[in-house]
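# Residue-level structure breakdown
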Protein chains: 2
Amino acid sequence: MKMPQDVFIDYLADNNLKITPQRRLILETILNQKEHLSSEELYAKVKKKDASVGQATIYRTLKLLVDADIVEPLDFADGVTRYEASYGKEHHDHLICTVCSKNIEIMDPLIERRQEEIAEKHGFKLCSHKMYLYGICEECRNKKL
Amino acid sequence: MKMPQDVFIDYLADNNLKITPQRRLILETILNQKEHLSSEELYAKVKKKDASVGQATIYRTLKLLVDADIVEPLDFADGVTRYEASYGKEHHDHLICTVCSKNIEIMDPLIERRQEEIAEKHGFKLCSHKMYLYGICEECRNKKL
DNA sequence: GTGATTGCAAATGTTTTGCAACACT
DNA sequence: AGTGTTGCAAAACATTTGCAATCAC
């Protein structure tokens, strides 16, 4: 299995784009991160390593990484797009606490299979899907009492 | 089954809010609409009936309608929130053609139940969920050949 | 009459874009 | 050298908010 870095390099080469220190740094920063970072949060982390990097470069590089299928945009319905390194990882969905933003990764073959069936039934060839479950976690429910 | 209009009136009364021509008009406009309107599109439709209504009133009223469980916000991940009248209608998800944007409403009790189970397993009380299936419809696949 | 509501314009917050300077190949 | 890239600031975009005038009850 290729490293994400190499996938990126290949993607850039294939599209006549250039490998730059900023692009390397931004990808490294995402890869070293367990959590789902917003562009703003990523910007802060990148700045710690190189204060000269601009916001715009973050956005532009994220777009490339998404396009290269290395990173996936997530929508937790709080107004910001978050990103996670997805290359080489198994697909999963998210269960999100709407109070504390706790985020659990879920994987359910039964649902995955059913989604395929539904798409097929309607004559669709499924490309991708997004599923977000929003709820309140046990901790937060107990806090309220 | 109560009419959505009456649900709204009750909701307003319960919260010491007032019934205004603008609020009536906005609800009517959404109810008369089959498609999923963005705030912008709704604004345009409302203006045709009463040009004096402001954007802000659209947003404020949409918030009320969502809160009253009459209308549901949809997120098709294209930067705009869309809305659909949901009161009295069964919950459904969306199957979207990424080529022609065709949009099919789907309903699958099996998936719904499974979602509940997954949430419960993790100690969550499920509030809502979003599921979007993205694929290419038969028509668009045939066009390509 | 009183408090909620409105339209407007200004503010907000995220993401995008134009541009001149600069860097990768 | 030449095209792609960068940082900056300004722009764009959807949405929210402050406020004085107005309206519903």
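Residues numbered from 1 in each chain as written. Chains lettered and ligands numbered in written order. Predicted model: local features only at pLDDT ≥ 70, side-chain atom pairs only at ≥ 80, totals over all residues. Heavy atoms only, no water.

### A look at the protein's contact with DNA strand D
Near DNA strand D lie 22 residues; those nearest to it are Lys18, Arg23, Val53 and Thr57 of chain A together with Tyr59 of chain B. Of all DNA strand D atoms lying within 4 Å of any protein atom, the proportion belonging to sugar or phosphate reaches 72%. Contact distances for DNA strand D include 2.7 Å between a base oxygen and a side-chain N or O atom of Lys18 of chain A. A distance of 3.3 Å separates a base nitrogen of DNA strand D from a polar atom in the side chain of Lys18 of chain B. Put simply, the parts of the chain that give the surface near DNA strand D at least two residues each are helix H2 (21–31) and helix H4 (55–67) of chain A together with helix H4 (55–67) of chain B. In terms of residue class, the surface near DNA strand D is built from 7 nonpolar, 9 polar and 6 charged. (Near = heavy atom within 4 Å. Polar contact = N/O pair within 3.5 Å; in protein donor to acceptor, adjacent residues only side chain to side chain. Helix = DSSP H or I, 4+ residues; strand = E, 2+ residues; numbered from the N terminus. Nonpolar A, V, L, I, M, F, W, Y, C, P; charged D, E, K, R; others polar.)

### A closer look at the relation of the copies chain A and chain B
Overlaying chain A on chain B yields an RMSD of 0.9 Å, the required transformation being a rotation through 179 degrees with an accompanying axial translation of 0.1 Å. In short, the pair behaves as if placed about a two-fold rotation axis. Identified as the residue of chain A closest to the rotation axis by C-alpha distance is Met131 of chain A, at 2.2 Å. Of the residues that chain A buries at the interface, 100% are likewise interface residues in chain B, meaning the two copies contact each other through the same surface. (Least-squares fit on C-alpha atoms with pLDDT ≥ 70 in both. Contact = heavy atoms within 4.5 Å.)

### Observations concerning the nonpolar core
Of all hydrophobic cores here, the largest spans 28 residues; its most connected members are Leu95 of chain A together with Leu95 of chain B. Of all the secondary structure elements, the ones that give two or more residues to this core are strand E4 (93–97), strand E5 (103–106), helix H5 (109–121) and strand E6 (125–136) of chain A together with strand E4 (93–97), strand E5 (103–106), helix H5 (109–121) and strand E6 (125–136) of chain B. (Core = buried A, V, L, I, M, F, W, Y, C linked by side-chain atoms within 4.5 Å. Buried < 20%, exposed > 50% of the residue type's maximum accessible area, 1.4 Å probe, protein only.)

### As for the domain arrangement of chain A
All names here are of chain A. Once the domains are mapped, chain A shows domain 1 (4–85) and domain 2 (93–144). Inter-centroid distance (C-alpha atoms) of domain 1 to domain 2 is 24 Å. In this assembly, 7 residues from domain 1 lie in contact with 6 residues from domain 2. In total, domain 1 and domain 2 occlude about 510 Å² of area from one another, counting both sides; carbon and sulfur atoms represent 53% of this. Of all residues in domain 1, the largest losses of buried area upon contact with domain 2 belong to His36, Asp75 and Phe76, amounting jointly to 69% of the total for that side. Applying the counting criterion to the domain 1 and domain 2 interface returns 0 salt bridges. Across the domain 1-domain 2 interface, the total number found is 4 residue pairs in polar contact (both at pLDDT 80 or more). Per element, the largest residue contribution to the side of domain 1 that touches domain 2 is 3 residues, and it comes from strand E2 (residues 71–75). (Domains from an automatic or database assignment. Buried area = accessible area lost by both parts, 1.4 Å probe. Salt bridge = Lys/Arg side-chain N within 4 Å of Asp/Glu carboxyl O.)

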